[in-house]
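The chain contents come next:
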Amino acid sequence: MIPILSVLVPTMGIITVGRVFRERLSNDAWRGIDRLNFELLFPCLIFSAAASRPIALDDAAVVGLSVWAIMALGLCLGWFLRPFGPEKFLDFAGAWQTAWRFNTAIAFVAVSAVDNAAPLMSVAVGFAVPLANVFAISALSRGSGLGPLGIFARILRNPFFIASVSGMALGASGYTLPQIIQQGVDYLAGAAIPIALMAVGATMDWGAVLRLNSFTGGITAIKLVVLPAVTFAAVILAGIPAAQANVLVVFAALPPASAAHVLASVYGADRRLPATLIAQATLLSAMTLPFWIYVLTL
């Protein structure tokens, strides 16, 4: 519980700082911050994370394919909430991605509470990042009125996708960047999450943070309750080894990442709803994530 709170409390604190500074910057300034995150800071974070955690081939078949299934389930279940979400599909797509996105920082803290399985979580994250972005970019591009070829072209040009694929390729190759370049990338990567969380705090509907409706309650329930429950049942029935099973359940129970707000903003979707969903799920995960960890340690 305490290690998880050590991540969640600063996260909510930085979101609160964003609320304090919301009126000090114009809407155009906050959108510029989102654009900086989209084009530079988050790609550096994604690249650095993927390149420094090479995929272990022995675990790829089980962990990698399983996290794809978990995210696909989140996508499908989130789609059933379409009638309760925003009328405009682009705005729905911006919020829909919170049903499958995941907070990497919390992932590595949470998995340490059930097992020393950081390498397995690295496999999960390495496989999950590209697909999470393909799902999100596809949904947001469709909301922008693009056809299949346009969506495919936008995926290939997306900085998140380019960073995740190139990072995985570098990690799998066994090579590393020169230290002087890697240090610069890490400096930029370190700024991504704090700045994105401040933007979330500046954008979200604070009056709704503790008020769940049919849509936000459904998305949050899918992310924090349904996905880990289904995953827990599946790993038990499949007889998956404990270390892999623990990583998969923890992965399924993670709150969404602030990258969802960044993408929604850049693609012109409503920024407030995904920002609010991120804050709601992060806050509620302080209760749900320790519960799932407790279940895994019984």
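Quick notes on the rules
- Residues numbered from 1 in each chain as written.
- Predicted model: local features only at pLDDT ≥ 70, side-chain atom pairs only at ≥ 80, totals over all residues.
- Heavy atoms only, no water.
- Helix = DSSP H or I, 4+ residues; strand = E, 2+ residues; numbered from the N terminus.
- Rg over C-alpha atoms; globule rule 2.2 N^0.38 Å.
- Buried < 20%, exposed > 50% of the residue type's maximum accessible area, 1.4 Å probe, protein only.
- Patch = residues over 30% accessible without salt bridge, like charges linked within 9 Å, V, L, I, M, F, W, Y side chains within 5 Å.
- Areas by Shrake-Rupley, 256 points an atom, 1.4 Å probe, with all protein chains shown as cover.
- Salt bridge = Lys/Arg side-chain N within 4 Å of Asp/Glu carboxyl O.
- Phe/Tyr/Trp six-rings, centres within 6.5 Å; stacked < 30°, edge-to-face > 60°.
- Lys NZ or Arg CZ within 6 Å of the ring centre and 35° of its normal.
- Core = buried A, V, L, I, M, F, W, Y, C linked by side-chain atoms within 4.5 Å.
- Contact = heavy atoms within 4.5 Å.
- Expected span 1.5 Å × (residues − 1).
- Bend = angle between axes of the 7 residues up to and from the residue.
- Polar contact = N/O pair within 3.5 Å; in protein donor to acceptor, adjacent residues only side chain to side chain.

A few words now on the overall build of the chain. Check the secondary structure of the chain and you find 13 helices and zero strands. Reading the helices (α) and strands (β) of the chain from amino to carboxyl end gives α-α-α-α-α-α-α-α-α-α-α-α-α. In terms of C-alpha radius of gyration, the chain reaches 18 Å, essentially the compact-globule figure of 19 Å for 298 residues. If one aligns the C-alpha atoms of the chain with their principal axes, the spans along those axes are about 50 × 45 × 40 Å. A buried classification covers 54% of the 298 residues belonging to the chain.

Right, let's talk about a nonpolar patch on the surface for a bit. Residues V17, V20 and F21 make up a contiguous nonpolar surface patch of roughly 250 Å² in combined accessible area. Relative to the elements of secondary structure, V20 occurs in helix α1 (residues 2-20).

Counted according to the given criterion, the structure contains 15 aromatic pairs. Here the aromatic rings of F38 and F160 are separated by 5.6 Å at their centres, their planes lie at 40 degrees, and the arrangement is tilted. Of this pair, F38 sits in helix α2 (residues 27-52) while F160 sits in helix α8 (residues 159-173), placing them 122 residues apart in sequence. Assigned by exposure class, F38 and F160 land together as buried. A ring pair is formed by W100 and F135, whose centres lie 5.8 Å apart and whose planes are at 85 degrees; its orientation type is edge-to-face. Here W100, found in the loop between α4 (89-96) and α5 (104-111), pairs with F135, found in helix α6 (residues 118-143); they are 35 residues apart in sequence, far enough to count as distant. The exposure class assigned to W100 is buried, which follows from its relative accessible area of 1%. The exposure class assigned to F135 is buried, which follows from its relative accessible area of 18%. Grouped by ring-pair contacts, the aromatic residues W79, F89, F92, W96, W100, F135 and F215 constitute a single cluster. One residue, R82, lies across the ring of F92, its end atom 4.9 Å from the ring centre.

Time to look at the nonpolar core. If you look at the biggest cluster of nonpolar residues, it comprises 83 residues, and the most contacted ones within it are M71, W100, F102, M121 and F251. Looking at this core, the element that brings in the most residues is α6, giving 15 residues. Contacts of F102, omitting those with residues within four sequence positions, involve M71, V125, A128, V129, A132, F251, L254, P255, P256 and A257. M12, V200, M204 and A279 belong to the second largest nonpolar core, which has 10 residues in total.

Below, the discussion takes up the side chain of S141. Within the secondary structure, S141 is located in helix α6. When neighbours within four sequence positions are excluded, S141 is seen to be in contact with L146, I151, R154 and Y267.

Turning next to the pattern of salt bridges. On inspection of all chains with the given rule, the structure shows three salt bridges. In this structure, D34 engages R271 in a salt bridge whose closest nitrogen and oxygen atoms are separated by 3.4 Å. You can see D34 sitting in helix α2 and its partner R271 sitting in the loop between α12 (259-266) and α13 (272-296), a full 237 residues away along the chain. Given the relative accessible area of 10%, R271 is considered buried.

What follows is about the environment of V247. For V247, the location among the structural elements is in helix α11 (residues 242-252). Measuring from C-alpha to C-alpha, the distance between V247 and A257 comes to 18 Å, with 10 residues separating the pair along the chain.

Below, the discussion takes up helix α9 (residues 179-203). Between its first and last C-alpha atoms α9 spans 37 Å; for 25 residues at 1.5 Å apiece the expected length is 36 Å, and the two agree. Helix geometry: α9 is bent most strongly at A192, by close to 25 degrees, with proline P194 lying one to four residues after it.

By secondary structure assignment, the location of T282 is in helix α13. At 2.7 Å, the side chain of T282 forms a polar contact with the backbone oxygen of I278. For T282, the residues in contact, after removing those within four places along its chain, are L8, T11, M12, P255 and P256.

Attention now moves to the environment of A110. Tracing the backbone through its elements, the reader meets A110 in helix α5. On the accessibility criterion, A110 (0% relative accessible area) is buried.

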